[in-house]
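Residue-level listing of the chains:
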Amino acid sequence: MRTATILTAGAISAASAGRINRADFRREDIIYKDVAIVGGGASGAHAAVRLRQDYNKSVVVVEREPILGGHVDTYVDKTTGRIHDYGLALYFPYLDSFDFFSRPEINVTLSPWFPAGGNEVRYVDFTSGQELTSTFQPPDESAGPIAVKKFHDLMTANGWDNMTQPGYWGLPAGKDIPADLLLPIGQFAKKHGIEAMLSTMYPSTGGGVGSRGNFEDILTLSIIKAFPTAWSKVFFGEVAMFSIDGGNQFLYDKISTLLGKDALYNSQVVNSKRSNSGIELVVDSARLDDDEEQPGKSRKGKGKGKATKKLIIAKKLLLAIPPTRENLAPFDLTPAEKAHFSKPKYGRSHTAIAKHSKLPAGVQLRNLPLSATANPLSPFLQTPFVLSFTSLATDSPLFSLGSSGANYTAFPPSKAKKVARKAIQTMVDAGTLADLEGEEVEFVAWSDHGPGGFGVSAQELREGWMEDMYALQGKRSTWFTGNGIAADFTTMLWKFNDQMLDRIVEGL
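Remember, it's a predicted structure, so these values are computed and weren't measured experimentally.

Colleague: Can you break down the overall build of the protein chain residue by residue, with the values?
Modeller: Helix and strand counts for the protein chain stand at 15 helices and 19 strands. A globule of 508 residues ought to have a C-alpha radius of gyration of about 23 Å, and the protein chain, at 23 Å, matches this closely. In terms of principal-axis extent, the alpha carbons of the protein chain reach across some 70 × 55 × 45 Å. Here the protein chain holds 508 residues, and the buried ones make up 58% of them. If you sum the accessible surface of the protein chain, you get close to 20,800 Å²; carbon and sulfur atoms cover 49% of it. Considering the protein chain, the positive charge centre built from 55 side chains and the negative charge centre built from 55 side chains are found 6 Å apart.

Colleague: Any chance you could break down helix H3 (residues 143-157) for me, citing the residues and the numbers?
Modeller: Between its first and last C-alpha atoms H3 spans 21 Å; for 15 residues at 1.5 Å apiece the expected length is 21 Å, and the two agree. Buried within H3 are the following residues: Gly 144, Ala 147, Val 148, Phe 151, His 152, Leu 154 and Met 155. The buried side chains of H3 occupy one side of the element, clustering within an arc of 165 degrees when seen end-on. Those residues of H3 that are buried are in contact with helix H4 (160-164), helix H5 (185-191), helix H6 (198-204), helix H7 (220-226) and helix H8 (229-232).

Colleague: Break down the packing of helix H2 (residues 42-53) against helix H9 (residues 249-259) for me, citing the residues and quoting the values.
Modeller: Two elements in contact, H2 and H9, have axes separated by 11 Å at closest approach and are oriented at 45 degrees. Classified by the angle their axes make, H2 and H9 are oblique. In the crossing of H2 with H9, the sense of the turn from one axis to the other is left-handed. Here Ala 42, Ala 45, Ala 48, Val 49, Arg 52 and Gln 53 of H2 come into contact with H9, specifically with Tyr 252, Ile 255, Leu 258 and Leu 259.

Colleague: So, the environment of Asn 266: which residues are in play, and what are the values?
Modeller: Among the secondary structure elements, Asn 266 is positioned in the loop between strand S8 (263-264) and strand S9 (268-275). Judged by its relative accessible area of 21%, Asn 266 is partly exposed. A sequence separation of 134 residues divides Asn 266 from Ser 400, and the C-alpha atoms of the two residues are 26 Å apart.

Colleague: How would you explain unusual backbone geometry if you had to name every residue and give the values?
Modeller: The omega torsion across Gln 165 and Pro 166 is 0 degrees, close enough to zero to call that bond cis. Mapped onto the elements, Pro 166 comes out in the loop between H4 and H5. Unusually for a residue other than glycine, Glu 437 sits at a positive phi of about 55 degrees. With respect to the element layout, Glu 437 can be found in the loop between helix H12 (413-429) and strand S18 (442-452).

Colleague: Give a detailed account of the environment of Gly 474, specifying residues and quantitative values.
Modeller: On the secondary structure map, Gly 474 appears in the loop between helix H14 (465-471) and strand S19 (478-480). A relative accessible area of 26% means that Gly 474 is categorised as partly exposed. Through-space distance from the C-alpha of Gly 474 to that of Asp 488 is 22 Å; in sequence the pair is 14 residues apart.

Colleague: Kindly report on the sheet that holds strand S14 (residues 347-355), identifying the contributing residues and their values.
Modeller: With respect to topology, six strands assemble into an open sheet ordered S6-S15-S16-S17-S14-S18, the strand pairing being mixed. Each edge of the sheet is formed by a strand with only one pairing partner; in this case those strands are strand S6 (120-124) and S18. Neighbour-to-neighbour, the strand axes of the sheet open up by a mean angle of 15 degrees, direction not taken into account. Note: S14 against strand S17 (residues 398-405), eight bridges, orientation antiparallel. Along S17, the bridge assignment pairs Ala 352 with Leu 401.

Rules behind the numbers
- Residues numbered from 1 in each chain as written.
- Predicted model: local features only at pLDDT ≥ 70, side-chain atom pairs only at ≥ 80, totals over all residues.
- Heavy atoms only, no water.
- Helix = DSSP H or I, 4+ residues; strand = E, 2+ residues; numbered from the N terminus.
- Rg over C-alpha atoms; globule rule 2.2 N^0.38 Å.
- Buried < 20%, exposed > 50% of the residue type's maximum accessible area, 1.4 Å probe, protein only.
- Areas by Shrake-Rupley, 256 points an atom, 1.4 Å probe, with all protein chains shown as cover.
- Lys, Arg positive; Asp, Glu negative; His and termini not counted.
- Charge placed at Lys NZ, Arg CZ, Asp CG, Glu CD.
- Expected span 1.5 Å × (residues − 1).
- Arc of directions from axis to C-beta.
- Contact = heavy atoms within 4.5 Å.
- Axes fitted to C-alpha atoms, helices over the stretch in contact; angles between N-to-C directions.
- Parallel < 35°, antiparallel > 145°, perpendicular 65-115°, else oblique.
- Left-handed = near helix turned anticlockwise from the far one by under 90°.
- Pairing = 2+ DSSP bridges.

Written out as structure tokens, the structure reads:
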């Protein structure tokens, strides 16, 4: 069960206030590497493979979870043996990114993905529990893809695609950012006559994590991170989607095997020293001699034994974690860095598999406000919410779900579970679902996807927030990667890494 640990800035600051003394560590607990990577998700794991295999650099990965993979979550149903990817489920080709799958040391097989179909879709307002009337007509299925194609063409015609993918290396300085990209997405769509794309963008982006209000009010530049031009091609049929045979976790199991003891699991940086000549990290790390089965995972986790402190001494640091204030608190930020990273306001999302024998198998319960009856092109919900409960099979009591909240520190798993259970009970009370007969909804697998969406205001972007973010690359031997500052898709994050790795290894 993946649950992101969010520590308060005060708690971490107190822990990291002391100086680092190498004499405090046993010889076997001091690790010397070329590059220390914090975060073993899509970006961190990929960078570790490439630095080690292609650049012949030594690496160590510090991962707070018991496995690698980040937003990848694979659940194996012990009753049926079926594999369900309930986190990141699919991959689409971006430039030559698919070459990574066929590397000799990776060598996983991809299969084209097609919608399973078969589920009856029922539109329900989860807030009132009422099912939308039989006269409700969802938007014309062709309208969304047509509008998305117009969005794609608009982006490419203006060169906005190259400014925003795979990262923001090409984005102009703040005052020169195209004005259209700083419009709320609702105004952007209306200006260009492509309002029909919003009802397609909305579920694709998880309802706009980090929206802090109505979906239509999110900045276009923020939405593009979760709905980049390259991804839009999927919706009008120019690009196909693929899944990994054996489940998406299989890829990261292979990387884990490759890294061996160079990956520290259940580990977290608690203190650091960064300078232009190198970095030192103090890590609270679990011992690697104890495997423990993780609920809902495709394999055993690593290192659930007794904790120990380690000291990592490296020439470079690659931070592959969301750059929130809490995550960055142990990294001895300068006053300017603290001011910079205090500005973004992140949302938070969760994915899960729930189980209940009374929920209707073969049905997707899709959350739409009652107002969608009058305006089906605006199916937007107020956070926090669950987008849908989707049956995984007609002969199974399992459902997948995803939930989002607008303030990531105020939307931990405990609250997200309450939101999901309340939605089900509200539908029961309204007569939309049958009585649960006292049976509790069980979450058999849960994944906290942590912070999402950088949530920076238009004014802050005009004042150079993104320009300043990228100017931090390489300063004090530190580099940043991941979906906090680049397009939120695995294959695009890999290409972002490719653009950056030559810079990282320069001088090593």
